[in-house]
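Coordinate inspection notes
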Amino acid sequence: MYHVIVNPASCSGKGFNIWKNKIEPALLKERVPFRSYLSEKPGDVIRIAKEISANAAGDTSLSVIVLGGDGTVNETLQGIAEPMKLILGYIPTGSSNDLARDLKIPKDPIEALHLILHAKVPVSMDLGTITYSDGEKRRFLVSCGIGYDAAVCEEALHSPFKKTLNKLGLGKLIYLSVALKQLLTAKAVSGRLTPDHGENISIGNMLFTCCMLHRFEGGGFMFAPNADPHDGILNLCAVGDISKSLILFALPTAFYGKHYRFRGITPYQGRHIVIETDKPLWVHTDGEVTRKENRLEISCEKDAFSMFL
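For the structure given in this document, a descriptive report is provided here. Computed from a predicted structure; not experimentally measured. (Residues numbered from 1 in each chain as written. Predicted model: local features only at pLDDT ≥ 70, side-chain atom pairs only at ≥ 80, totals over all residues. Heavy atoms only, no water.)

1. As for the overall build of the chain
The helix and strand inventory of the chain stands at ten helices and 13 strands. The C-alpha atoms of the chain give 19 Å as radius of gyration, which agrees with the globular expectation for 309 residues (19 Å, within 12%). Its C-alpha atoms give the chain principal-axis dimensions of about 55 × 45 × 35 Å. Burial status across the chain gives 56% buried among its 309 residues. Within the chain, residue pairs in contact and separated by at least 24 positions form 71% of the contacts whose partners lie at least 6 positions apart. (Helix = DSSP H or I, 4+ residues; strand = E, 2+ residues; numbered from the N terminus. Rg over C-alpha atoms; globule rule 2.2 N^0.38 Å. Buried < 20%, exposed > 50% of the residue type's maximum accessible area, 1.4 Å probe, protein only. Contact = heavy atoms within 4.5 Å.)

Okay, structure coming up:
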């Protein structure tokens, strides 16, 4: 039995049509057992995943297909009680699709579904977890970040123009305009990293730090060219002590993973990372922003769940 979670608002509002006109007919044609769930409002995907997980409590495995973006996958993971049971299939219909980009999942929905239904052996994947200062936890699959990258996500997600531009197929313009605005107005703070319970590393005038399980975030920025989602290691990109004018030159090179040639942009690694900042900053998990924080514990669990690939 496949449980199919559909975000109808994905793909600039075309997610429902992709489901109804392509994926559902294909599943019926293949005669595979499935049950579908459509999200309608924020929080629905987490609730749906919790219900699916609870109803499958006695099962040895749980096959879930997500039709949506990286954020839909992220919310699904929040609701799964036992990730070790999860075998995830992904039909990418989001705006960033960084997970699909890294795993080479086809952009065409039918091709992605074919990959899921005919996968030979599920592939084990790493899973990240943030623990906030109050003990609350949140999982991530692609990346998490604190500072500038999260602030861009937060403002873009709440922009009154986002829905309009999405309908016109120009949703990325929102992120570009917000990114430029945030860069001009951002006030860098002092930050510290502590990898694997070792010595503190100072990140003076920290603009942002992202922790990556996959190579890409933000719609194709290759912030972690050496990231491997199977090695149990977090790859960090820390940005600090660099002028805003130089950032404008450095960021485009990150599409090709060449940004570390700029002084002030530094890679780190670890299985357990503590990030502290002098004041609370926005935090994202796979582009989903829920709160500000000034202390994060970030860990990576190797082979935490599986995917149809």
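2. Quick notes on the side chain of Glu217
Residue position: Glu217 is located in the loop between β9 (201–212) and β10 (234–240). Nearest to the buried, unbridged Glu217 among oppositely charged side chains is Arg101, at 11 Å. Those residues within four positions of Glu217 in sequence are excluded, and the remaining contacts are Asp98, Ser143, Cys144, Asp149, Cys210, Met212, Phe223 and His284. (Lys, Arg positive; Asp, Glu negative; His and termini not counted. Salt bridge = Lys/Arg side-chain N within 4 Å of Asp/Glu carboxyl O.)

3. Focus: unusual backbone geometry
Phi at Asp241 is positive, roughly 55°, even though this residue is not glycine. For Asp303, which is not glycine, the phi torsion reads 50° and is therefore positive.

4. What to know about the state of the cysteines
Following the criterion strictly, the structure yields zero disulfides and no others. Looking at the unpaired Cys237, the closest cysteine sulfur is the one in Cys210, lying at 4.6 Å. (Disulfide = S-S within 2.5 Å.)

5. Topic: a nonpolar patch on the surface
A cluster of nonpolar side chains, namely Leu176, Leu180, Leu246, Leu248 and Phe249, defines an oily patch on the protein surface of about 490 Å² accessible area. Of all the elements, helix α10 (residues 244–253) adds the most residues to the nonpolar patch, at three residues. Residue position: Leu248 is located in helix α10. (Patch = residues over 30% accessible without salt bridge, like charges linked within 9 Å, V, L, I, M, F, W, Y side chains within 5 Å. Areas by Shrake-Rupley, 256 points an atom, 1.4 Å probe, with all protein chains shown as cover.)

6. Thoughts on the nonpolar core
Within soluble globular proteins, side chains that are nonpolar tend to cluster in buried spots. Counting 46 residues, the largest nonpolar core has Phe305 and Met307 as its most contacted members. Leave out the neighbours within four places in its chain, and Phe305 touches Pro83, Leu86, Leu88, Val123, Ser124, Met125, Asp126, Leu127 and Leu141. Within the second largest apolar cluster, 24 residues are counted, among which are Cys210, Ala224, Leu251 and Ala254. (Core = buried A, V, L, I, M, F, W, Y, C linked by side-chain atoms within 4.5 Å.)

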